[in-house]
Amino acid sequence: MNAQELANKILNTPLINEQDTLKQATRGVVDYFASSLQAKNQVELQQFKAVGERAKQGEFLVFNGPDEQFIAGRAIGADSGIGGTYGVMPELFLKLNEYVIEGDFVKARKLQDEVNEVIKGLLSGPSLYAVCKYILKLRGVETGEVRGPMLPISKPEHVELAERLNKRIQELIEEYK
């Protein structure tokens, strides 16, 4: 559930600190999704988690939004993550999560750095989602074209970018098996 979209309000730290408001807003809801648009920083994410768990007696899940900060969000208390780039490299995010659970932040940081380089590449195309969709197509998953106003893959250099990123993702998957 994304409470911000449902309520058309940003759930910010002062609001979430009001225990009664939180209990009322999440009555019957176990999960709460804290996206990159809702938590301004990792400290706020941690505060959402702490206050939410107190109000909901531990039944309060927080998902980290920024893909580039997956391990930081998990380290500060996010239960998991959700992001637009996970679809083209789920194996790498699962490995990041494994490292976090094991407490191996040296390996986690190294892999997060690698993932962030891929994300930087994804962002250098016509649109992140166009490049992601093209990579999925290369992997045998047909998802169609992006909808406007996002720009599709249409130039040879964008095709080359997607192919190069797909190759790099495959290399990282092999390296981190």
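Given the structure is predicted, the values throughout are model-derived calculations rather than measurements. (Residues numbered from 1 in each chain as written. Predicted model: local features only at pLDDT ≥ 70, side-chain atom pairs only at ≥ 80, totals over all residues. Heavy atoms only, no water.)

A. Up close: the overall build of the chain. Secondary structure assignment for the chain yields nine helices and two strands. In the chain, the order of α-helices and β-strands from amino to carboxyl end is α-α-α-α-β-α-β-α-α-α-α. Considering only intrachain contacts with a sequence separation of at least 6, the fraction spanning at least 24 residues in the chain is 62%. Roughly 9900 Å² of accessible area belongs to the chain as shown, and the carbon and sulfur atoms make up 54% of that amount. (Helix = DSSP H or I, 4+ residues; strand = E, 2+ residues; numbered from the N terminus. Contact = heavy atoms within 4.5 Å. Areas by Shrake-Rupley, 256 points an atom, 1.4 Å probe, with all protein chains shown as cover.)

B. View of unusual backbone geometry. A cis amide bond links G148 with the next residue in sequence, P149, at an omega value of 15°. Turning to its location among the elements, P149 is positioned in the loop between α8 (128-138) and α9 (156-175).

C. Representation of the packing of aromatic side chains. Going through the model one piece at a time under the given rule, you end up with three aromatic pairs. Summarising the aromatic geometry, the rings of F70 and F93 are spaced 5.7 Å apart at their centres and angled 80° between planes, so their arrangement reads as edge-to-face. In this pair, F70 is assigned in helix α5 (residues 70-76) and F93 in helix α6 (residues 90-102), connecting sequence segments 23 residues apart. Joined through ring pairs, the aromatic side chains of F70, Y86 and F93 make up one cluster. (Phe/Tyr/Trp six-rings, centres within 6.5 Å; stacked < 30°, edge-to-face > 60°.)

D. Spotlight on the pattern of salt bridges. This structure, assessed with the given rule, holds nine salt bridges. Among the salt bridges present, the one from E98 reaches K95, with a minimum N-O distance of 3.2 Å. One end of the pair, E98, and the other, K95, are both in helix α6, three residues apart, so they sit about a helical turn from each other. Judged by its relative accessible area of 14%, K95 falls in the buried class. One salt bridge in this structure joins R168 and E114, with 2.8 Å as the shortest N-O distance. (Salt bridge = Lys/Arg side-chain N within 4 Å of Asp/Glu carboxyl O. Buried < 20%, exposed > 50% of the residue type's maximum accessible area, 1.4 Å probe, protein only.)

E. A look at α6. Its 13 residues place the ends of α6 18 Å apart at the C-alpha level, agreeing with the 18 Å of an ideal helix rising 1.5 Å per residue. Burial in α6 covers these residues: L92, F93, K95, L96, N97, Y99 and V100. Turning to α6, the residues buried within the fold contact α5, α7 (105-123) and α9. Phi turns positive one or two residues past the end of α6, at G103, with a value near 75°. (Expected span 1.5 Å × (residues − 1).)

F. Geometry of the packing of α7 against α9. In contact at an axis separation of 10 Å, α7 and α9 are set at 165° when each is read in the N-to-C sense. What the angle tells us is that α7 and α9 run roughly antiparallel. With respect to the hand of their crossing, α7 and α9 are arranged in left-handed fashion. Of the residues in α9, those in contact with K110, E114, V118, G121 and L122 of α7 are L161, L165, R168, I169, L172 and E175. The residue makeup of the contact of α7 with α9, split by class, is six nonpolar, one polar and four charged. (Axes fitted to C-alpha atoms, helices over the stretch in contact; angles between N-to-C directions. Parallel < 35°, antiparallel > 145°, perpendicular 65-115°, else oblique. Left-handed = near helix turned anticlockwise from the far one by under 90°. Nonpolar A, V, L, I, M, F, W, Y, C, P; charged D, E, K, R; others polar.)

G. Representation of the packing of α6 against α7 in the model. Here α6 crosses α7 at 155°, and the two axes come no closer than 8 Å. With respect to each other, α6 and α7 are oriented roughly antiparallel. The interaxial crossing formed by α6 with α7 has left-handed handedness. Of α7, the residues touching α6 (which contributes L92, F93, K95, L96, Y99 and V100) are F105, K107, A108, L111, Q112 and V115. When its residues are assigned to classes, the contact of α6 with α7 shows nine nonpolar, one polar and two charged.

H. Region of interest: the confidence of the model for the chain. Counting all residues, the mean pLDDT for the chain is 83, and 75% of those residues have values of 70 or more. Note on residues 1-9: pLDDT is under 50 here. Beyond four places in sequence and across chains, it has 14 contacts. Long-range and interchain partners of residues 30-35, a stretch whose pLDDT sits below 50, account for 25 contacts in this model, where long-range means more than four residues apart. (pLDDT = per-residue confidence, 0-100.)

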